[in-house]
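For reference, the chains in residue letters:
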Amino acid sequence: MSKITENILKLTEIISKINSSCEIVAASKTRSVEEIAEAYGTGKISAFGENRAQELCEKYPSLPNVSWDFIGRLQLNKVKYVVGKTRLIHSLDSLPLAEEIEKQSAKFGVVTDVLIEINADKEQSKGGIYLEETESFLEKLSVFSHIRTCGMMAVTERNADINKVKDTFDKIYVKFDGLKTEVFRYLSMGMSDNYIAAVEAGANIIRPGRVIFGERNYGETRRGEDS
Ligand SMILES: *Cc1c(COP(=O)(O)O)cnc(C)c1O
């Protein structure tokens, strides 16, 4: 059994003890088509999460059976390359981005499923909607007939203090729990550093990368600033 398969089976075993219906979105930025194919072969990965439109477009034709999520910051001029390829865009964080997703989705004749990216700690360096703005943002999204808002997503800093991260996860869960419906049903949080805490806090999608594919130095491109 290869390392990737072994890692995924171990991960699945850990999270299924907490929430057996939690989905794994494998963060696959910088990972090869072969690595992704192997992870896909385990049958345990709901989708692969890419951060860059260009990288998604490059991998997309090679893996026709795979579902793709977009998890990085999405620039307005890249929306047209992503719409129609994704199961879920996790990183909707502004009205202009919603307007562009709506426009491109209408053009392609699709309805795009999205999550609202939350900036629970109001970090200036990050995008995302503040928790208390979630309802008003949802209301603004309700006019878009080609967007279906399926839940919330949060990104945490690498190496952040785990207790602080847990507080953040709890805060987000409370908001999610109050808004949850049959459609608004996903809470995407938790990466390699903190996926156990995320599932314990109520996440039903986690986005691990390194614990599946192994360590890699992402440098400055970790968050996938797509330029
Ligand atoms: C890279 C990335 C992840 C996974 O990070 P790891 O530390 O490798 O688990 C999850 N979410 C987003 C948005 C990412 O960019």
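Our subject is the structure listed above.
To start, this report covers the structure provided alongside it.

Quick look at the pairing of strand S6 (residues 147-154)
Successive residues of a regular strand alternate their side chains across the two faces of the sheet.
Then, number 1: When you tally the buried positions in S6, you get 7 out of 8 residues, the bulk of the element.
Then, number 2: Pairing of strand S5 (residues 112-118) with S6, which is carried by 6 bridges, proceeds in the parallel orientation. If you follow aspartate 113 over to S6, its bridge partner there is arginine 148.
Then, number 3: Once the chain exits S5 it traverses helix H6 (residues 134-141) before rejoining the sheet at S6, and the crossover so formed is right-handed.
Then, number 4: The pairing of S6 with strand S7 (residues 186-188) spans 3 bridges and is parallel.

Topic: the pairing of strand S4 (residues 86-92)
Then, number 1: Summarising burial for S4: 6 of the 7 residues are buried, a large majority.
Then, number 2: The pairing of strand S3 (residues 68-70) with S4 spans 3 bridges and is classified as parallel. Looking at S4, one finds that tryptophan 68 is bridged to threonine 86.
Then, number 3: Here S4 pairs with S5 via 2 bridges, running parallel. Following the sheet pairing, leucine 92 is matched in S5 by isoleucine 116.
Then, number 4: Crossover S4 to S5 through helix H5 (residues 95-108) is right-handed.

Remarks on the nonpolar core
Then, number 1: Phe48, Ile101, Ile172, Met189 and Ile212 are the most contacted members of the largest nonpolar core, which totals 55 residues.
Then, number 2: Ignoring sequence-local partners within four residues, the contact set of isoleucine 172 consists of Ile118, Ala120, Leu131, Met152, Ala154, Leu187 and Met189.
Then, number 3: Ala47, Met153, Tyr186 and Met191 belong to the second largest nonpolar core, which has 10 residues in total.

Here's the deal with the side chain of aspartate 93
Then, number 1: Inspection of the secondary structure assignment puts aspartate 93 in the loop between S4 and H5.
Then, number 2: Here aspartate 93 sits buried without a salt bridge, and the closest side chain of opposite charge, arginine 73, lies 4.0 Å off (N-O distance).
Then, number 3: Aspartate 93 has contacts with Arg73, Glu117, Gly127, Gly128, Ile129 and Phe137, leaving out every residue within four places of it along the chain.

Reading guide: rules and limits
Residues numbered from 1 in each chain as written. Predicted model: local features only at pLDDT ≥ 70, side-chain atom pairs only at ≥ 80, totals over all residues. Heavy atoms only, no water. Buried < 20%, exposed > 50% of the residue type's maximum accessible area, 1.4 Å probe, protein only. Helix = DSSP H or I, 4+ residues; strand = E, 2+ residues; numbered from the N terminus. Pairing = 2+ DSSP bridges. Right-handed = clockwise from strand over helix to strand, strands pointing away. Core = buried A, V, L, I, M, F, W, Y, C linked by side-chain atoms within 4.5 Å. Contact = heavy atoms within 4.5 Å. Lys, Arg positive; Asp, Glu negative; His and termini not counted. Salt bridge = Lys/Arg side-chain N within 4 Å of Asp/Glu carboxyl O.

Remember, this is a structural readout, not a statement about activity or role.
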